[in-house]
Amino acid sequence: GSYLSVQSVRKIYQTRNGDVHAVEHADFDIDEGDFVTLVGPSGCGKSTLMSMIGGLDTPSTGNILLNGKVIEAPHRDFGYVFQDATLLPWKTVMENVLFPIHTQKRDVKQYLPEAERLLKLTGLYDFRDKRPAELSGGMRQRVAICRGLINDPQLLMMDEPFSALDAITRDDMNLALARLWDEVRKTAIFITHSIREAVFLSDRVLVMTARPSQIICDIRVPYPRP
Ligand code: ADP
Ligand code: ADP
């Protein structure tokens, strides 16, 4: 079977104003190690689909399987990065990166080398003792990505991590993420509005439409990147 399998998934939210068909139909497999991007207009269901894959929400119908097992909420082996980096302001860059290890009551010292490696790969090593307020928006998102990777997750989910950044910083971030991925090569699901960003970063691009909410196009991007 496949690594990650989204099988006839549909998500309907019941609201006071009636049913919202957030995801009408999704059916696809993801191979281990692929960087997959969901691209499409606002409200087409990208976040809902990613939340279900991450086990933060459950499908109304259909199944999502990881290595043949149904994903139950929320998956401890997944890393998450959101539009807002949500760093802890009183903790340093290094402490923020190690925070998941700390909350899981694992040995923080044991993960120091990995934290240092990730900070070096993202150009943040010299900033390891700074606090989030002393960093730029792009740097904060890079810290969030390092934090998402610290416990060697099976899958990293990134929901519009660069949307709040200016265009130039965003291009820098795309380069930084592409370079990082050449090193870490991890299965990733990435959400963006930008088809350009999607094609630049991904092994595979899934294009979604809003009405009905479904995937209309499945593109495999040749490597090396265009
Ligand atoms: P995208 O990430 O592509 O912008 P979303 O997955 O956030 O889209 O939303 C898809 C649709 O589902 C939208 O119409 C949105 O308003 C609706 N929606 C999302 N979450 C909820 C919720 N918890 N309750 C009701 N409707 C929701
Ligand atoms: P550990 O703390 O030893 O990593 P976990 O309890 O986190 O163990 O996970 C044990 C196994 O269950 C792992 O194979 C992991 O991938 C899987 N797993 C963890 N969380 C979930 C989840 N929410 N749904 C399905 N499988 C999960």
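Basis of the calculations
Each chain carries its own residue numbering, running from 1 in the direction its sequence is written. Each chain takes a letter, starting from A, and each ligand takes a number, starting from 1, following the order in which they are written. Whole-chain, interface and lining totals are the exception, using all residues; otherwise, since this is a predicted model, local features are given only for residues with pLDDT of at least 70 and side-chain atom pairs are given and counted only at 80 or more. Side-chain numbers come from the whole structure's heavy atoms, not from hydrogens or water. UniProt positions are given in the numbering used here, feature names are shortened, and annotations may be inferred rather than shown by experiment. Within this document, salt bridges are pairs made up of a side-chain nitrogen of Lys or Arg and a carboxyl oxygen of Asp or Glu, the two lying within 4 Å of each other. Each helix is a run of H or I in the DSSP string that is no shorter than four residues. Each strand is a run of E no shorter than two, and both are numbered from the N terminus. Each residue gets one of three labels from its accessible area relative to the maximum for its type: buried under 20%, exposed over 50%, partly exposed in between, using a 1.4 Å probe on protein chains only. Only the stretch in contact is used when fitting a helix axis, every axis being a line fitted to C-alpha atoms; angles between N-to-C directions are given from 0 to 180 degrees. Left-handed describes a crossing whose near helix is turned anticlockwise from the far helix through less than a right angle; right-handed describes the clockwise counterpart. The contact rule is simple, with two residues in contact once any of their heavy atoms fall within 4.5 Å. Residue polarity is assigned by list, with Asp, Glu, Lys and Arg as charged and Ala, Val, Leu, Ile, Met, Phe, Trp, Tyr, Cys and Pro as nonpolar; anything else, Gly included, falls into the polar class. By definition here, a helix of n residues has an expected span of 1.5 Å times n minus one.

Named according to an unreviewed UniProt entry, the chain is NitT/TauT family transport system ATP-binding protein originating from Paracandidimonas soli. Taken verbatim from the UniProt record of the chain, the Sequence similarities (unreviewed entry) comment is "Belongs to the ABC transporter superfamily."

A. Local environment of the pattern of salt bridges. Considering all chains together, one arrives at 8 salt bridges under this definition. Ionic pairing is found between R204 and D218, a salt bridge with its closest N-O pair at 2.9 Å. One end of the pair, R204, is in strand β9 (residues 204-209); the other, D218, is in strand β10 (residues 214-220), with 14 residues separating them in the sequence. With relative accessibility at 9%, the residue R204 sits in the buried group.

B. Region of the structure containing the packing of helix α2 (residues 93-103) against helix α4 (residues 137-149). Axis separation between α2 and α4 bottoms out at 7 Å; the angle between their running directions is 35°. As α2 runs across α4, the sense of the crossing is right-handed. Seen from α2, the contacting residues are V93, N96, V97 and P100; seen from α4, they are V143, C146 and R147. Grouping the constituent residues of the contact of α2 with α4 by class yields 5 nonpolar, 1 polar and 1 charged.

C. Region of the structure containing α4. Between its terminal C-alpha atoms α4 stretches 19 Å, which fits the 18 Å expected from 13 residues at 1.5 Å a residue. Counting buried positions along α4 yields 11 of 13 residues, so the element is predominantly enclosed. For α4, every residue scored as buried is listed here: G138, M139, Q141, R142, V143, A144, I145, C146, R147, G148 and L149. Residues of α4 that are buried make contact with β6 (78-81), α2, α3 (112-121), β7 (155-159) and α5 (167-184).

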